[in-house]
Amino acid sequence: MTGPEDHLMDWLRDAHAMEKQAETMLSSMAGRLEHYPELKARIESHLQETRVQSDMLSSCIERRGGDTSTVKDLMGRFAATGQGVGGMMTSDEVVKGAMAGYAFEHTEVAAYKVLIAAADHCNDPETSAICRRILNQEIEMANWLGEHMEQVTVAFLNRSATDQPAKV
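All of these numbers come straight from a predicted model, not from anything done at the bench. Throughout, residues of each chain are indexed from 1 in the direction in which the sequence is written. A pLDDT threshold of at least 70 governs which residues receive local features in this predicted model, and a stricter bar of 80 or more applies before side-chain atom pairs are shown or counted, although totals over entire chains, interfaces and linings include all residues. The basis for the side-chain values is all heavy atoms of the structure; hydrogens and waters are excluded.

### Quick word on unusual backbone geometry
- Residue Asn123 is not a glycine yet carries a positive backbone phi of 55°.
- By the element assignment, Asn123 lies in the loop between helix H4 (93–121) and helix H5 (125–161). Where helices and strands are cited, they refer to DSSP runs of H or I of at least four residues and of E of at least two residues respectively, numbered from the N terminus.

Following this line, the structure appears as structure tokens:
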């Protein structure tokens, strides 16, 4: 039978893999953005947060006596790479990328809410505190994307309508 401690460790590994996936996605998008400087700056800022989040999750996993899952990390990065390549094939990559980022951030928010509940249940206040810190960053990024979705879309449409490079 799998107990709460085992589930917490599995979910921490999943979150670590999710952050590795996010790192690949954000890095790929930021590297291609040329005509949307505010979006690029915010993505680059969140990319730095994501790298720190990954390290914080590693410390939680190691403190609890485990290690990260290489397979999960690689699968997450592979999925992100596939998404990036797929996005490069669309003429509206910046809009679809913003939409995908918004959805992904909300998935991260849900994951950290689960982790906080599990850490609290397992009497692990350090992991809970780290996950609360990460949760706040993910909420901030989701909110930023939500507040700027219209701006990104209109900028894309305006650039596209005037034959300016609009894709990224």
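Having seen it, we continue.
### Brief notes about the packing of helix H2 (residues 37–63) against H5
- Throughout, an axis means a line fitted to C-alpha atoms (over the contacting stretch in the case of helices), and angles, computed between N-to-C directions, take values from 0 to 180 degrees. Two elements in contact, H2 and H5, have axes separated by 10 Å at closest approach and are oriented at 160°. Between H2 and H5, the angle falls in the class roughly antiparallel. With respect to the hand of their crossing, H2 and H5 are arranged in left-handed fashion.
- Ten residues, namely Ala, Val, Leu, Ile, Met, Phe, Trp, Tyr, Cys and Pro, are considered nonpolar, four, namely Asp, Glu, Lys and Arg, are considered charged, and the remaining ones, Gly among them, are considered polar. In the contact of H2 with H5, the residues fall into 11 nonpolar, seven polar and eight charged. Angular relationships are summarised with four words: roughly parallel below 35 degrees, roughly antiparallel beyond 145, roughly perpendicular across 65 to 115, and oblique for the angles in between. What makes a crossing left-handed is the near helix being turned counterclockwise from the far one by less than a right angle; a clockwise turn instead makes it right-handed.

### A look at the nonpolar core
- Core analysis: the biggest nonpolar cluster contains 23 residues, and Leu8, Leu12, Tyr112 and Leu115 have the highest contact counts within it.
- Counting only elements with at least two residues in this core, the list comes to helix H1 (4–32), H2, H4 and H5.
- Other than its neighbours up to four places away in sequence, Leu8 contacts Arg64, Leu115, Ala118, Ala119, Cys122 and Asp124.
- Counting residues in each nonpolar core, the second largest holds 17 residues, with Ile43, Leu47, Met141 and Met149 among its members. By nonpolar core we mean a set of buried residues, namely Ala, Val, Leu, Ile, Met, Phe, Trp, Tyr and Cys, connected to one another through side-chain atoms within 4.5 Å. Between buried and exposed lies partly exposed: a residue is buried under 20% and exposed over 50% of the maximum accessible area for its type, with that area taken using a 1.4 Å probe on protein chains only. The criterion used for residue contact is that any of the two residues' heavy atoms lie within 4.5 Å.

### Topic: the side chain of Glu138
- Tracing the chain through its elements places Glu138 in helix H5.
- Here Glu138 sits buried without a salt bridge, and the closest side chain of opposite charge, Arg42, lies 8.0 Å off (N-O distance).
- Those residues in contact with Glu138 that sit more than four places away from it in its chain are Glu19, His46, Gln53, Glu105, Glu108, Val109 and Tyr112. Under the counting rule used here, the positive set is Lys and Arg, the negative set is Asp and Glu, and His together with the chain ends is not counted. Salt bridge, as applied in this entry: a Lys or Arg side-chain nitrogen positioned within 4 Å of an Asp or Glu carboxyl oxygen.

### Quick notes on the pattern of salt bridges
- This model, assessed by the stated rule, comprises 11 salt bridges.
- Glu126 is the partner of Arg63 in a salt bridge, and the nearest nitrogen-oxygen pair spans 3.3 Å. A residue pair is termed long-range when its members are at least 10 positions apart, and Arg63 in helix H2 and Glu126 in helix H5 qualify at 63 residues.
- Accessibility expressed as a relative area gives 36% for Arg63, which makes it partly exposed.

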